[in-house]
Amino acid sequence: MSYSLLAISIFFEICGTVCMKISNGYSNIPASLMIFVFYGISFSIFPFALKNIDVSLAYAIWSGVGTASMTLIGIYYFKEPATTIKMVSIFIVMVGVLGLNLSDKLA
């Protein structure tokens, strides 16, 4: 259940970040308001995920998946350049999250 809540929290964080881009520096009022709604939902759900997941792991997953997702959304939706450095960096972030996940199991 905790990982499901974490996934939902990540989804709303990504929605909030997309709204940041769409808000065009807060000039798009509906998108600007949705930033706060989506982040509010995300931050309200995240503590429930922390009940059964270590904060270091949960935050690494939350930020890593959010960063990788936003990079891909930026490339496909906002037409940002897909550079080799971006792709390698996403891979490194995912390896780091995997390493944190495995660290408790291998210790």
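What counts and how
Residues numbered from 1 in each chain as written. Predicted model: local features only at pLDDT ≥ 70, side-chain atom pairs only at ≥ 80, totals over all residues. Heavy atoms only, no water. Phe/Tyr/Trp six-rings, centres within 6.5 Å; stacked < 30°, edge-to-face > 60°. Helix = DSSP H or I, 4+ residues; strand = E, 2+ residues; numbered from the N terminus. Buried < 20%, exposed > 50% of the residue type's maximum accessible area, 1.4 Å probe, protein only. Lys NZ or Arg CZ within 6 Å of the ring centre and 35° of its normal. Salt bridge = Lys/Arg side-chain N within 4 Å of Asp/Glu carboxyl O. Core = buried A, V, L, I, M, F, W, Y, C linked by side-chain atoms within 4.5 Å. Expected span 1.5 Å × (residues − 1). Arc of directions from axis to C-beta. Contact = heavy atoms within 4.5 Å. Polar contact = N/O pair within 3.5 Å; in protein donor to acceptor, adjacent residues only side chain to side chain.

Caption draft 1: Seen up close, the packing of aromatic side chains. Taken as a whole and judged by the stated rule, the model has 8 aromatic pairs. Judged by centre distance (6.4 Å) and plane angle (10 degrees), the ring pair of Tyr-26 and Phe-36 falls under stacked. Here Tyr-26 is found in the loop between helix 1 (2-22) and helix 2 (29-49), whereas its partner Phe-36 is found in helix 2, with 10 residues between them in sequence. Across the pair, Phe-36 and Tyr-26 agree in class, each one exposed. Through successive ring pairs, a cluster of aromatic residues spans Tyr-39, Phe-43, Phe-46, Tyr-59 and Trp-62. Lying over the aromatic face of Phe-78, Lys-21 brings its terminal NZ or CZ to 5.9 Å of the ring centre.

Caption draft 2: Examining the pattern of salt bridges more closely. Applying the stated criterion across every chain, the model contains 1 salt bridge. Across the salt bridge formed by Glu-80 and Lys-86, the nearest N and O atoms sit 4.0 Å from each other. Taking relative accessible area as the criterion, Glu-80 reaches 32% and is therefore assigned partly exposed.

Caption draft 3: Local environment of unusual backbone geometry. Notably, Asn-24 is not glycine yet its phi reads approximately 55 degrees, a positive angle. Locating Asn-24 in the fold gives a position in the loop between helix 1 and helix 2. For Asn-24, a relative accessible area of 56% corresponds to the exposed category. In the Ramachandran plot, Tyr-26 falls in the positive-phi region, its phi being about 65 degrees despite a non-glycine side chain. With relative accessibility at 51%, the residue Tyr-26 sits in the exposed group.

Caption draft 4: Structural context of the nonpolar core. Ranked by size, the top nonpolar core spans 14 residues in total, and within it Leu-6, Ile-10, Ile-14, Phe-46, Ile-53, Ile-61 and Trp-62 carry the most contacts. Within the residue set of this core, elements represented by two or more residues are helix 1, helix 2 and helix 3 (55-76). Here the element with the most residues in this core is helix 3; it accounts for 6 residues. Membership of the second largest hydrophobic core comes to 7 residues, among which are Phe-12, Cys-15, Tyr-39 and Ile-45.

Caption draft 5: Representation of helix 2 within the structure. Between its first and last C-alpha atoms helix 2 spans 31 Å; for 21 residues at 1.5 Å apiece the expected length is 30 Å, and the two agree. Listed as buried for helix 2 are Ala-31, Ser-32, Ile-35, Phe-38, Tyr-39, Ser-42, Ile-45, Phe-46 and Ala-49. Angular distribution of buried residues about the axis of helix 2 spans 160 degrees; they occupy a single face of the element. Across from the buried face of helix 2, at angles greater than 90 degrees, the exposed residues are Ile-29, Pro-30, Leu-33, Phe-36 and Phe-48. Summarising the contacts, the buried residues of helix 2 are in contact with helix 1 and helix 3. The residue sitting at the N-terminus of helix 2 and contributing the capping side-chain oxygen is Asn-28; that oxygen lies 3.3 Å from the backbone nitrogen of Ala-31.

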